[in-house]
Amino acid sequence: MSCADVGDALRMRSTAIPAGVDARALLADPGIGFAKTVEHNLALLKALPEIASRAGVPILVGTSA
C-alpha cells in the first residue's frame, strides 16, 4: 500500500461524517508501527503532508511498539 493509498483509505473509511459527526472533530491515524516494516513506517512519516491532504482531516501520529 502506497502513502497515497493510506491517505485515500483514511478518507474512504470514515463513517463518522455520514453519521452526523462534525468533520472538524475528526483526526486520522496512519498506523505507524502497526503491522508495518521500518521502511514503510519511515515512508509514511515522510509523506504525512500528502496523507493529511488526501485524508481530509488532521493527522494524529500515535506509534505502536
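Worth saying up front: this structure is predicted, and the values here are computed from it rather than measured.

1. A few points about the pattern of salt bridges
Next, step 1: In total, this model carries 2 salt bridges according to the counting rule given.
Next, step 2: One salt bridge in this structure joins R24 and D22, with 2.5 Å as the shortest N-O distance.
Next, step 3: Among the residues examined, R24 registers a relative accessible area of 75% and is labelled exposed.
Next, step 4: E50 serves as the salt-bridge partner of R54, at 3.2 Å between the closest nitrogen and oxygen. With R54 and E50 both in helix α3 (residues 48-55) and 4 residues apart, the pair spans about one turn of that helix.

2. Details of the confidence of the model for the protein chain
Next, step 1: For the protein chain, the mean per-residue pLDDT works out to 84, and 92% of the residues sit at or above 70.
Next, step 2: When the elements of the protein chain are averaged for pLDDT, helix α1 (residues 3-12) gives the smallest value, 76, and helix α2 (residues 38-46) the largest, 91.

About the thresholds
- Within any chain, residue numbers begin from 1 and follow the written order of that chain's sequence.
- Given that this is a predicted model, residues contribute local features only at a pLDDT of at least 70 and side-chain atom pairs are listed and counted only at 80 or more, while totals for whole chains, interfaces and linings are drawn from all residues.
- Water and hydrogen atoms were dropped before computing side-chain values, which therefore reflect all heavy atoms in the structure.
- We count a salt bridge whenever a side-chain nitrogen from Lys or Arg sits within 4 Å of a carboxyl oxygen from Asp or Glu.
- In this scheme, a residue with accessible area under 20% of its type's maximum is buried, one over 50% is exposed, and one in between is partly exposed, where area comes from a 1.4 Å probe on protein chains only.
- Numbering of helices and strands runs from the N terminus, with a helix taken as a DSSP run of H or I at least four residues long and a strand as a DSSP run of E at least two residues long.
- Each residue carries a pLDDT score, the predictor's confidence in it, ranging from 0 to 100.

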